Amino acid sequence: MTTKILGHRGANRRAPQNTLPAFQAAIDHGADGVEFDVQMTSDGVLVICHNFTVDETSNGTGFVNEHTFEELRALDFGSWFSDEFAGTKIPTLEETLDCVKDMEILNVEIKHPTKNKVEVVHKTYDLVKKKGLLEKTIFSSFDFDLITILKQIDPEVPCGLLYDPVPEELFDKRLLRNEYLTVAEEYKADALHPHYLLTNFPKAYVCRCHEAGLMVNVWGISKESELEKYKKHNLDIIITDCI
């Protein structure tokens, strides 16, 4: 099999993460797809931002979901990266989908909201469907309640369970007790999205997942040497900074 390579928050080393320039850079540099993070503003607009606050990636402060879209749109999401990208705006989900619609794979991560979970999930799913992109999209989240909501909307939509090695941040601690197949079955997941190091423990992880009909889509690879190494691990998708 050929492992697909996705730009983590776009080509985040070439342009400010989760912005249209970063997504365009991923297209221009041959990525098979992109991964990006969806949140909702206080007035119900779906935007793309990884952090729950805008402090690190803009000239503003505060939580994404406590700002209106107009307030967020007035901020500069590019100058922190370099002067070249000064004035870059936070993109909407719709703008992002329009930008990357011709890529092979889209990984839409829905950030775990503190409120309005059902609304966020429905709006995200509905827009991806409206754009005709469901067939090339896999949804993922660290909050497995959102996966449950997605499967209630559409049992056939591909969904992945995101998790990392930090126990206190795990939605389901069984994932670090080699019970990942059980967890995936309970949430009707189609894929597991572990931090790449977790696929080594146990070494049969990828094989067991594939035998169970699950995709294995890893994230966290930020070095070219690791990317080349893990391309040989029979993974379905690698979400990487190395674009």
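Our subject is the structure listed above.
Residues numbered from 1 in each chain as written. Predicted model: local features only at pLDDT ≥ 70, side-chain atom pairs only at ≥ 80, totals over all residues. Heavy atoms only, no water.

**Some words on the packing of helix H1 (residues 20-28) against helix H3 (residues 93-100)**
Their axes nearest at 10 Å, the elements H1 and H3 cross at an angle of 15 degrees. Taken together, the axis directions place H1 and H3 in an arrangement best described as roughly parallel. As H1 runs across H3, the sense of the crossing is right-handed. Within the contact between the two elements, H1 uses Leu-20, Phe-23, Gln-24 and Ile-27 and H3 uses Glu-95, Thr-96, Cys-99 and Val-100. Here the contact of H1 with H3 is composed, by residue class, of five nonpolar, two polar and one charged. (Axes fitted to C-alpha atoms, helices over the stretch in contact; angles between N-to-C directions. Helix = DSSP H or I, 4+ residues; strand = E, 2+ residues; numbered from the N terminus. Parallel < 35°, antiparallel > 145°, perpendicular 65-115°, else oblique. Left-handed = near helix turned anticlockwise from the far one by under 90°. Contact = heavy atoms within 4.5 Å. Nonpolar A, V, L, I, M, F, W, Y, C, P; charged D, E, K, R; others polar.)

**Side note on the layout of surface pockets**
The computed volume of the largest pocket comes to approximately 370 Å³. Around the largest pocket sit 19 residues that line it, and His-50, Glu-109, Lys-111, Phe-142 and Trp-219 are the ones nearest its centre. When contributions to the lining of the largest pocket are tallied by element, the ones reaching two or more residues are strand S2 (33-40), strand S4 (105-110) and strand S8 (215-221). At three residues, the largest contribution of residues to the lining of the largest pocket is made by S8. Taken as a whole, the second largest pocket holds about 270 Å³ of empty space. (1 Å grid on protein atoms, 1.4 Å probe; cavity = no way out; pocket = protein on both sides within 12 Å on 5 of 7 lines; lining within 4 Å. Points joined across faces, edges and corners; volume = space filled by probe spheres on them.)

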